[in-house]
Amino acid sequence: MDNKDITAESIQILVADESHERYVDTILHTIEEAAKVRGTGIAKRTHEYLANKMFEAKAVIALAPPAEPGGDMRFAGFSYIETWGNKQYVTTSGLIVHPDFRGLGIAKRIKDMTFSLARTRWPHAKIFSLTSGKAVMKMNTQLGYQPVTFDDLTDDEAFWKGCEGCVNINVLRERNRKFCICTAMLFDPEEHLPAKIPQNVLDRINRLEGRITNSQELRD
Ligand SMILES: CC(C)(COP(=O)(O)OP(=O)(O)OC[C@H]1O[C@@H](n2cnc3c(N)ncnc32)[C@H](O)[C@@H]1OP(=O)(O)O)[C@@H](O)C(=O)NCCC(=O)NCCS
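Calculation notes
- Residues numbered from 1 in each chain as written.
- Predicted model: local features only at pLDDT ≥ 70, side-chain atom pairs only at ≥ 80, totals over all residues.
- Helix = DSSP H or I, 4+ residues; strand = E, 2+ residues; numbered from the N terminus.
- Contact = placed C-beta atoms within 7 Å.
- Buried ≥ 20, exposed ≤ 12 C-beta atoms within 10 Å, placed from the backbone.
- Arc of directions from axis to C-beta.
- Pairing = 2+ DSSP bridges.
- Core = buried A, V, L, I, M, F, W, Y, C linked by C-beta atoms within 7 Å.
- Near = placed C-beta within 6 Å.
- Axes fitted to C-alpha atoms, helices over the stretch in contact; angles between N-to-C directions.
- Parallel < 35°, antiparallel > 145°, perpendicular 65-115°, else oblique.
- Left-handed = near helix turned anticlockwise from the far one by under 90°.
- Nonpolar A, V, L, I, M, F, W, Y, C, P; charged D, E, K, R; others polar.

Undergrad: It is not clear to me how the environment of Met 185 should be interpreted in this structure. Could you clarify?
TA: Counting through the fold element by element, Met 185 comes out in strand 7 (residues 183-187). Separated by 124 residues in sequence, Met 185 and Ile 61 have C-alpha atoms that sit 23 Å apart. Excluding residues within four positions of it along the chain, Met 185 makes contact with Phe 128, Ser 129, Met 137, Asn 140, Tyr 145, Gln 146, Pro 147 and Val 148.

Structure, rendered in structure tokens:
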């Protein structure tokens, strides 16, 4: 199928699984090329890392119809989710749409799917985003993210290590991780509840549901 015949409806958005590992190298290549065009650095991801995301049902892939009858479905877009700080925080990362398929609403559909996946798997986690991309800021805002300062994000070292491949890493370091070029945005699930339930009531509910015992509560 010629690209001019591609419609948004013909693109499938799926939670990726093992069968999609064959697209990983194309995904990595497309991410690297996009970073070059934007002049930004990029968190280094390996084949194994992205393949694991697929195995763990933490990745979303967009596939376009084959170029020729009987051909393979074509890679159109990708993103994945990751938890930080003992699953208190989640990010949706690595959003990429192949240049051949941009402007069709694919990024939005991928973002909606990764957001739902994160909310379903870790309903109490805060979801955050550190981005310089206008499209991503727009989609985050539509989903209810708010701009925040960096101290509202996770202090998990593993997350911040991801910034080391970025061309602006010195800006981040010089400012003790308080500011950088990227905008921090956060979706706090608690802010989307009409009233805050006091911690002692949450503890009681957890006890009733057997999630914690009295002795655990004292220790924590
Ligand atoms: C950014 C990117 C993912 C957008 O993919 P896409 O499928 O073309 O985006 P969509 O068609 O789903 O658009 C989603 C929204 O973003 C907006 N948008 C898309 N590209 C934009 C751009 N370059 N600048 C500003 N807004 C943009 C769209 O208008 C749309 O908003 P709307 O819902 O209010 O109409 C794609 O261009 C890409 O992969 N770029 C390179 C990698 C990158 O920048 N990733 C983001 C890392 S922060």
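There's plenty left to go through after this.
Undergrad: Mind showing me how you'd approach helix 2 (residues 47-55) here?
TA: Structural remark: α-helix, 3.6 residues per turn; residues separated by three or four positions point the same way. Residues of helix 2 that are buried: Leu 50, Lys 53 and Met 54. Down the axis, helix 2 shows its buried residues gathered within 100° of arc, on one side only. Turning to helix 2, the residues buried within the fold contact helix 1 (24-38), strand 2 (59-64) and strand 3 (74-84). Just beyond helix 2, the residue with positive phi is Ala 57, at close to 55°.

Undergrad: What am I meant to see in the pairing of strand 3 here?
TA: A regular strand places its side chains on the two faces of the sheet in alternate fashion. Of all 11 residues in strand 3, nine are buried, a share of seventy percent or more. When strand 2 meets strand 3, the two strands line up antiparallel, connected through six bridges. Bridging from a neighbouring strand, Val 60 pairs with Ser 79 of strand 3. Sheet analysis places strand 3 next to strand 4 (residues 89-97), joined by seven bridges and oriented antiparallel. Among the inter-strand pairings, Thr 83 is bridged to a residue of strand 4, identified as Val 90. Counting the residues between successive antiparallel strands, the hairpin from strand 3 to strand 4 contains four residues, one of them, Gly 85, with a positive phi of roughly 55°.

Undergrad: Can you walk me through the nonpolar core in this structure?
TA: Soluble globular proteins tend to bury their nonpolar side chains together. Formed by 45 residues in total, the largest nonpolar core has its most connected members in Ile 11, Ile 27, Ala 59, Val 60, Ile 61, Ala 76 and Ile 106. Element by element, the count of residues in this core is highest for helix 3 (residues 106-121), at seven residues. Setting aside residues up to four positions removed in sequence, Val 60 forms contacts with Ile 13, Leu 14, Val 15, Ala 16, Phe 78, Ser 79, Ile 110, Met 113, Thr 114 and Leu 117.

Undergrad: Which parts of the structure should I look at to understand the environment of Arg 109?
TA: By the element assignment, Arg 109 lies in helix 3. By C-beta crowding, Arg 109 is classed as partly exposed, having 18 other C-beta atoms within 10 Å. Residues Arg 109 and Val 60 lie 49 residues apart in sequence; the distance between their C-alpha atoms is 9.8 Å.

Undergrad: Even after reading the chapter, I still don't get the site of the ligand, so can you show me in this structure?
TA: Neighbouring the ligand are 19 residues; Ala 34, Arg 102, Ala 107, Gly 133 and Ala 135 lie closest to it. Listed by contribution, the elements that provide at least two residues to the shell around the ligand are helix 1, strand 4, helix 3 and helix 4 (134-143). Considering every element that reaches the shell around the ligand, the biggest residue donor is helix 4, with five residues.

Undergrad: For this particular structure, what's the right way to read the packing of helix 1 against helix 2?
TA: What describes two packed helices is the angle between their axes and the distance between those same axes. Two elements in contact, helix 1 and helix 2, have axes separated by 10 Å at closest approach and are oriented at 120°. When the axis of helix 1 is compared with that of helix 2, the two are oblique. Note that helix 1 runs across helix 2; the crossing there is right-handed. Counted together, Val 24, Asp 25, Ile 27 and Leu 28 of helix 1 and His 47, Leu 50 and Ala 51 of helix 2 form the full contact between these two elements. Looking at the contact of helix 1 with helix 2, its residues break down into five nonpolar, one polar and one charged.

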